Amino acid sequence: MASLKRCPDTKPLIGGPDTPSPGEQVRGNVRYSIIFGLNENLMSDTPHTTAQEPEPVKTGMEIGDVLKILPHRYPFLLIDRVVELVRMKSIVALKNVTITEPFFQGHFPEKPIMPGVLIVEAIAQAGGLLLLTEVPNRDEMLMVFTGIEKARFRRPVVPGDQLRIEVVVKAWRVTAARLEGKAYVDGKVAAEATVTCRLVPRAAGAEAGAEEV
């Protein structure tokens, strides 16, 4: 119910001495304004809710946390640690490239170079880690590739390098996403690509017509 505010007695009443103006009530010889009372109620200290930006994960993720989210395992797990994660927006992950990587045995025996497709895979895994963090039933789901665009390879990645993988979400739907990723070594871009992926049930993963991330 609106509160009633007392108005000055000197204000004349419209329509005669006994007729209150619109929005006023009279109790005895005292006039009260309903409109003023309503306006004051509207100006009360009501908390306003505003959309807040997702907070970055301060501590990142160690390998144990990564294993709880990604289904990949050795020798195809290409994320060692997450150093920054902003929910539904971006992720920064690390991959330590060592001479013991199995692909170096054949690529190439005399001059080991990390295959570019695996760098793109690392970008996709980082993006999948970001997306799957938001999926409550991720143990029942897989993130699969649906496209790779604008892939560029700027410099070779060799044993002893550390990949810093930065992925930004360009579009996000309930079951699909478009991600833009870059892999850095010593602050310089080694590779970059835009990938699209889709969330599918694990039971349907083999029939999804797409490659698992």
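Residues numbered from 1 in each chain as written. Predicted model: local features only at pLDDT ≥ 70, side-chain atom pairs only at ≥ 80, totals over all residues. Heavy atoms only, no water.

J.: Report on the packing of aromatic side chains, specifying residues and quantitative values.
T.: Scanning the model with the defined rule gives one aromatic pair in all. Look at Phe 103 and Phe 104: their rings are 4.7 Å apart centre to centre, the planes differ by 65°, and that puts the pair in the edge-to-face class. Relative accessible area serves as the criterion here: at 15%, Phe 103 is assigned to the buried category. (Phe/Tyr/Trp six-rings, centres within 6.5 Å; stacked < 30°, edge-to-face > 60°. Buried < 20%, exposed > 50% of the residue type's maximum accessible area, 1.4 Å probe, protein only.)

J.: Explain the confidence of the model for the protein chain to me, using residue names and the numbers behind them.
T.: This prediction gives the protein chain a mean pLDDT of 80; 68% of its residues lie at or above 70. For the protein chain, helix α1 (residues 34–42) is the element with the lowest average pLDDT, namely 37, and strand β5 (residues 90–96) is the one with the highest, namely 98. Taken together, the stretch residues 30–51 has pLDDT below 50 and engages in 43 contacts with residues farther than four places along the chain or on a different chain. Ignoring residues within four places in sequence, the model shows residues 54–58, a span with pLDDT below 50, making seven contacts including any to other chains. (pLDDT = per-residue confidence, 0-100. Helix = DSSP H or I, 4+ residues; strand = E, 2+ residues; numbered from the N terminus. Contact = heavy atoms within 4.5 Å.)

J.: I'd like to hear about the pairing of strand β4 (residues 81–86), residue by residue, with values.
T.: Side chains on a regular strand alternate between the two faces of the sheet. Strand direction decides the pairing type here: β4 and β5, joined by five bridges, are antiparallel. The residue bridging Val 86 from the neighbouring strand is Ser 90, located in β5. Where β4 hands over to β5, the hairpin turn is made up of three residues, of which Met 88 adopts a positive phi near 65°. (Pairing = 2+ DSSP bridges.)

J.: Can you tell me about the pattern of salt bridges, naming the residues and giving the values?
T.: Within this structure, the stated rule accounts for six salt bridges. A salt bridge links Arg 164 to Glu 166; the nearest nitrogen and oxygen atoms lie 2.8 Å apart. (Salt bridge = Lys/Arg side-chain N within 4 Å of Asp/Glu carboxyl O.)

J.: So what's going on with the nonpolar core? Which residues, and what values?
T.: In summary, soluble globular proteins display a tendency toward joint burial of nonpolar side chains. Ranked by internal contacts, the top residues of the largest apolar core, which has 45 residues, are Met 114, Leu 129, Leu 163 and Ile 165. Taken together, the elements giving at least two residues each to this core come down to α2 (63–69), β4, β5, α3 (116–132), β6 (141–153), β7 (162–172), β8 (176–185) and β9 (188–201). At eleven residues, α3 tops the list of elements feeding residues into this core. (Core = buried A, V, L, I, M, F, W, Y, C linked by side-chain atoms within 4.5 Å.)

J.: How would you explain the environment of Leu 118 if you had to name every residue and give the values?
T.: With respect to the helices and strands, the residue Leu 118 is situated in helix α3. A sequence separation of 42 residues divides Leu 118 from Phe 76, and the C-alpha atoms of the two residues are 9.0 Å apart. Dropping the residues within four chain positions of it, Leu 118 is found in contact with Phe 76, Leu 78 and Phe 103.

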